[in-house]
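# Tertiary structure, described
Here is what each chain is made of, one letter per residue.
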Amino acid sequence: MSGENVEVGFTDKLNNPLLYAPEHFPSKVGGHPAWLNPSNLPPVAHCGQCGDPLIFFSQIYAGLDRESNGFHRMLYVFCCRRGSCYVDGKQPIKVFRSQLPAENQYYRCQPVPEGDADENSIGENKSFALSHNGFCDICKVCGSKAPFKCIKCQSAHYCSKQHQMYDWKQHKSCCSDEYTKVPNKPEYLDKSALLFAELDFIIEREPEQENSAHLNEELLKKAAEQATGYAMTEEDAESLSKEYGKDTDPTFTKFKERISRDPSQVLRYSRHDAPLWPSSKLQCDTPPPCKVCGAARSFEVQFLPSILYILGVKKEELDWATLVIFTCSKDCEVDDYVEEFGWVQQFS
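Below is a short write-up of the structure. Predicted, not measured: the structure shown is a model, and the values here were computed from it.

### Looking at the pattern of salt bridges
In total, this model carries 17 salt bridges according to the counting rule given. For glutamate 340, the salt bridge goes to arginine 97, with nearest N and O atoms at 2.6 Å. Taken together, the positions of glutamate 340 in strand 14 (residues 337-345) and arginine 97 in strand 5 (residues 93-100) put the pair 243 residues apart, joining distant regions of the chain. With relative accessibility at 3%, the residue glutamate 340 sits in the buried group.

Given below as structure tokens:
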């Protein structure tokens, strides 16, 4: 990664869930996806190993400098939460790209006022996501496209039979055929325990000054501060220290020195540059070409392993060295959603 045009991301907690709504074009991790194009959602992605629906991990807003298709541009990342599915080079990851022109049927040209970041007017553990977004039904559990519904009440919608079964314990207490006698009103969804914790991304230019001498101390201190309330245990902190403290090869040494510019970063963004690989092993040298125009894909964004600790994800549940996203190098125009390419690099 050459470094002159690198942006780095940090997490921040917003108490107002409505600020994650699509009209604010959020870059975030966890919670429900905020779909840029609400009328034609991508098909539900399933893990090729366990068969479960993939869970929304993150979205990055990266609009292009053009008024046509691509003025609004969002990347969506989905992954399997079972660490055991990331074996033998398997990649239970799906990435989608969505684009819209500046003038479109969904959003005004003028920015929507953000409101108070500390105000929550919709209730504890509630999401910005609605059960019906005005165009299609949304899965009650994960926020994806929902072709299934509860037969009895017909008011709860799901992306899959798996998520319908998962939600039954909670849904059965309020399920009634009385719902079928009145029109459905969209309701704010609850945040399911299956979802990753929801945090906002703050994106800044990467600092130039390097300070690798204090990497481990600063990384743990800042990561611990960010992880307040997200169950980062002493065991997690010790594990993080070991991962960032082992000089396994020159590639890792370069990675460590570069991260030392700001050890609290959890993502790196540099369009058409190269990833900052933590290891020389298990890299993705040539991603497959764009499925729409056939152009080569190039690097766009990567997530660092520290984000999993901040989210409270245990090492035995899910672990990676980095998650790298490659997208169409030509930024081709697309309708609805098109699949891009994600690669998880394991530590070993």
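### A look at the environment of cysteine 139
Mapped onto the elements of the fold, cysteine 139 is located in the loop between strand 6 (126-130) and strand 7 (148-149). It is 9.6 Å that separates the C-alpha atoms of cysteine 139 and histidine 32, two residues lying 107 residues apart in sequence. Ignoring sequence-local partners within four residues, the contact set of cysteine 139 consists of Ser144, Ala146, His157, Tyr158, Cys159, His163 and Leu189.

### Some points on the side chain of arginine 297
Here arginine 297 lies in strand 12 (residues 297-303). The exposure class of arginine 297 is buried, given its relative accessible area of 8%. Within the structure, the side chain of arginine 297 is placed 3.0 Å from the backbone oxygen of proline 289, a separation counted as a polar contact. Polar side-chain contacts of arginine 297 include one of 3.0 Å to the backbone oxygen of glutamate 339.

### Let's talk about the sheet that holds strand 11 (residues 267-269)
The strand order around the closed barrel built from 10 strands is 1-10-2-3-4-5-14-13-12-11, with neighbouring strands paired in antiparallel fashion. The sheet contact formed by strand 5 and strand 14 spans four bridges and is antiparallel. Each bridged residue has a counterpart across the sheet, and for serine 98 the counterpart in strand 14 is tyrosine 337.

What counts as what
- Residues numbered from 1 in each chain as written.
- Predicted model: local features only at pLDDT ≥ 70, side-chain atom pairs only at ≥ 80, totals over all residues.
- Heavy atoms only, no water.
- Salt bridge = Lys/Arg side-chain N within 4 Å of Asp/Glu carboxyl O.
- Helix = DSSP H or I, 4+ residues; strand = E, 2+ residues; numbered from the N terminus.
- Buried < 20%, exposed > 50% of the residue type's maximum accessible area, 1.4 Å probe, protein only.
- Contact = heavy atoms within 4.5 Å.
- Polar contact = N/O pair within 3.5 Å; in protein donor to acceptor, adjacent residues only side chain to side chain.
- Pairing = 2+ DSSP bridges.

On their own, these measurements won't tell you what the molecule is for.
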